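Residue-level structure breakdown
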Amino acid sequence: MFGARRQQAPADGPFYKQRGWLNAAGFLAFLVTMSLVAFAMDDGEAPESSTAPGREALAGISGPLSPGDPQQARRSPGGRPDTCRTDDRDTAQPVAAPTDVRWKKLATDMVPISTSAGPLRTDTGTWWCFAHTPLGAVLAAHVIPVQMEGAAWRTVAEQQIVPGEARDRLVEMKISADEAESENGAIERFTGFSVASYSENSAVISLLVVTPLGGNLSMSVSVRWREGDWKVEPQDDGSLYSSAKTATPNNFVLWEG
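First things first, this report covers the structure right here in the doc. Here the structure is a predicted model, which means the values were calculated and not measured. (Residues numbered from 1 in each chain as written. Predicted model: local features only at pLDDT ≥ 70, side-chain atom pairs only at ≥ 80, totals over all residues. Heavy atoms only, no water.)

1. Section: the environment of Ala196
To be explicit about the condition: Only DSSP runs of H or I covering at least 4 residues are called helices, and only runs of E covering at least 2 are called strands; the numbering of each starts at the N terminus. By the convention used here, residues are in contact when the closest approach between their heavy atoms is within 4.5 Å.
Within the secondary structure layout, Ala196 lies in strand β3 (residues 189–198). Distance from Ala196 to Ser206, taken between C-alpha atoms, is 6.4 Å for residues 10 residues apart in sequence. Not counting residues within four places of it along the chain, the set of residues in contact with Ala196 comprises Val204 and Ser206.

Next comes the structure, spelled out in structure tokens:
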């Protein structure tokens with residue numbers, strides 16, 4: 001279900017060398033099929049340096065959220081693309097699930113989308129245009145990593161992942177992933193969220209999921225406001241999510257009663 005991330009438990013070798021962790025559809029599915037046996041990075045082992053393939057894989061891709069605005073799309077106030085208009089007045093952190101949310105299939109998962117907070121643009125290969133609000137950040141943290149499971153992941157990586165060495169590592173992992181293997185397994189379900197931190201330019205969102213075996217796990221996604229929309233900022237090792245931990249619904253806003 002989710003992109004590459006770390007799990008807190010003993011293991012031999014860093015998780016990003018385990019093939020089942022490398023695709024956005026594979027982490028929790030792999031976790032379930034292995035009877036919730038956890039994998040983790042070895043202590044003290046630094047991420048490998050990014051190499052040319054991670055950068056070259058995105059060469060030639062451009063869109064309304066691409067760095068440098070090659071399509072000259074961000075002419076509106078605040079640097080937003082002309083085709084993206086959101087109501088950004090509600091800056092309060094959500095204490096309940098929004099009433100205008102509906103669930104839509106994206107890749108292998110169901111994700112929440114809001115008519116007010118986004119993604120407002122779902123008519124192309126990427127879903128984008130999130131409100132510049134805490135709720136917009138919450139929805140971006142749900143949607144963008146799941147998009148990395150789909151066929152258009154290179155476009156998503158170029159336009160909706162913060163560029164840098166961490167993104168290079170993420171792209172390299174995607175290129176080397178055995179997608180046929182990583183897409184197998186049961187699908188987990190989003191059940192809640194919390195806003196760990198929020199500012200005008202960045203946020204950390206904690207996600208609550210339930211596994212097919214009935215357990216709850218939480219992990220966090222970091223997002224940044226760049227090029228007129230929220231983008232996911234990967235962990236240093238290229239993971240889209242932080243370490244997954246056992247969790248309870250307490251202190252989370254639940255999507256369903």
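Structure shown, so let's carry the discussion forward.
2. Considering the state of the cysteines
In a disulfide, the sulfur atoms of two cysteines are held together by a covalent bond. Operational definition: Here, two cysteine sulfur atoms that lie within 2.5 Å of each other are counted as a disulfide. Three exposure classes are used, based on accessible area relative to the maximum for each residue type with a 1.4 Å probe and protein chains only: buried under 20%, partly exposed in between, and exposed over 50%.
Using the criterion set out here, one finds 1 disulfide in the structure. With a sulfur-sulfur separation of 1.9 Å, Cys84 is cross-linked through a disulfide to Cys129. Residues Cys84 and Cys129 share a disulfide whose torsion about the S-S bond is about 90°; that sign makes it right-handed. Of this pair, Cys84 sits in the loop between α2 (52–56) and β1 (101–106) while Cys129 is found in the loop between β2 (109–114) and α3 (134–147), placing the two residues 45 residues apart along the sequence. Look at Cys129 and you get buried, because its relative accessible area is 0%.

3. Structural notes on the nonpolar core
Here is the rule: Buried Ala, Val, Leu, Ile, Met, Phe, Trp, Tyr and Cys residues that are joined via side-chain atoms within 4.5 Å together make up what is termed a nonpolar core.
Met148, Ile161, Ile205 and Val223 are the most contacted members of the largest nonpolar core, which has 44 residues in total. Of all the elements, α3 adds the most residues to this core, at 9 residues.

4. So, the packing of aromatic side chains
In plain terms, the rule: In this scheme Phe, Tyr and Trp rings, the latter by its six-membered ring, pair at centre separations within 6.5 Å, and the angle between planes marks the pair as stacked below 30 degrees, edge-to-face above 60, and tilted otherwise.
Taken as a whole, this structure holds 4 aromatic pairs when the rule is applied. Ring centres of Phe193 and Trp255 lie 4.8 Å apart, and the angle between their planes is 45°; on these two criteria the pair is classed as tilted. With Phe193 in strand β3 and Trp255 in the segment after β8 (253–254), this pair connects stretches of sequence that are 62 residues apart. Comparing Phe193 with Trp255 shows no difference in burial state: the two are buried. Seen in terms of ring centroids, Trp225 and Trp230 are 5.3 Å apart; in terms of plane orientation they differ by 80°. Their pairing is edge-to-face. This pair shows no difference in class: Trp225 is buried, exactly as Trp230 is. One aromatic cluster is present, built from ring pairs that chain together Trp103, Phe193 and Trp255.

5. Let's talk about helix α4 (residues 153–160)
The element α4 is extensively covered by neighbouring structure, given that 6 of its 8 residues are classed as buried. Restricting attention to buried positions, one finds in α4 the residues Trp153, Val156, Ala157, Glu158, Gln159 and Gln160.

6. Thoughts on the layout of surface pockets
So the rule is basically this: Within this scheme a cavity is a closed region of a 1 Å grid, computed over the protein atoms alone, that accommodates a 1.4 Å probe without allowing it to escape, whereas a pocket is open but has protein on both sides within 12 Å along at least five of seven lines; lining residues each have an atom within 4 Å of a point. Grid points are joined across faces, edges and corners, and a volume is the space filled by probe spheres set on the points. When residue character is reported, Ala, Val, Leu, Ile, Met, Phe, Trp, Tyr, Cys and Pro are called nonpolar, Asp, Glu, Lys and Arg charged, and the others, Gly included, polar.
As a volume, the largest pocket reaches approximately 260 Å³. As for the largest pocket, its lining consists of 15 residues, of which Asp90, Ser116, Ala117, Thr133 and Leu135 are closest to the centre. Among the residues forming the lining of the largest pocket, the class breakdown is 8 nonpolar, 3 polar and 4 charged.

7. Some details on the pattern of salt bridges
The criterion, for reference: Salt bridge, as applied in this entry: a Lys or Arg side-chain nitrogen positioned within 4 Å of an Asp or Glu carboxyl oxygen.
Under the criterion given, the structure shown has 7 salt bridges. Two residues, Glu233 and Arg224, come together in a salt bridge whose shortest N-O distance is 2.8 Å. On the basis of relative accessibility, which here comes to 28%, the residue Glu233 falls in the partly exposed class. A salt bridge links Glu227 to Arg226, with the nearest nitrogen and oxygen atoms 3.7 Å apart. On the basis of relative accessibility, which here comes to 28%, the residue Arg226 falls in the partly exposed class. Linked through salt bridges whose partners overlap, the residues forming this network are Arg226, Glu227 and Lys231.

8. Some details on the environment of Ser220
Inclusion rule: Here a polar contact is recorded for every N or O atom pair within 3.5 Å, except that within protein the pair must consist of a potential hydrogen donor and a potential acceptor, and residues adjacent in sequence are included only if both atoms are side-chain atoms.
Structurally, Ser220 can be placed in strand β5 (residues 216–226). Placed 25 residues apart in sequence, Ser220 and Lys245 show a C-alpha to C-alpha distance of 9.9 Å. Reaching out from Ser220, the side chain makes a polar contact with the side chain of Ser242 at a distance of 2.9 Å.

9. Overview of the pairing of β5
Rule in force here: Two strands form a pair only when DSSP identifies at least two bridges running between them.
With 8 of 11 residues buried, β5 is to be regarded as a mostly interior element. The pairing of strand β4 (residues 202–210) with β5 spans 9 bridges and is antiparallel. The residue of β5 that forms the bridge with Ser206 is Ser220. Remark: 5 residues form the turn of the hairpin made by β4 and β5, two consecutive strands paired antiparallel; Gly214 in that turn has positive phi of roughly 95°. Of the pairings in the sheet, the one linking β5 to strand β7 (residues 245–246) comprises 2 bridges and is antiparallel in character. If you follow Ser218 over to β7, its bridge partner there is Lys245. As defined by bridge partners, β5 adjoins strand β6 (residues 229–232) across 4 bridges and the pair is classed as antiparallel. If you follow Val223 over to β6, its bridge partner there is Val232.

Everything listed here is a matter of coordinates, which is why it stays silent on function.
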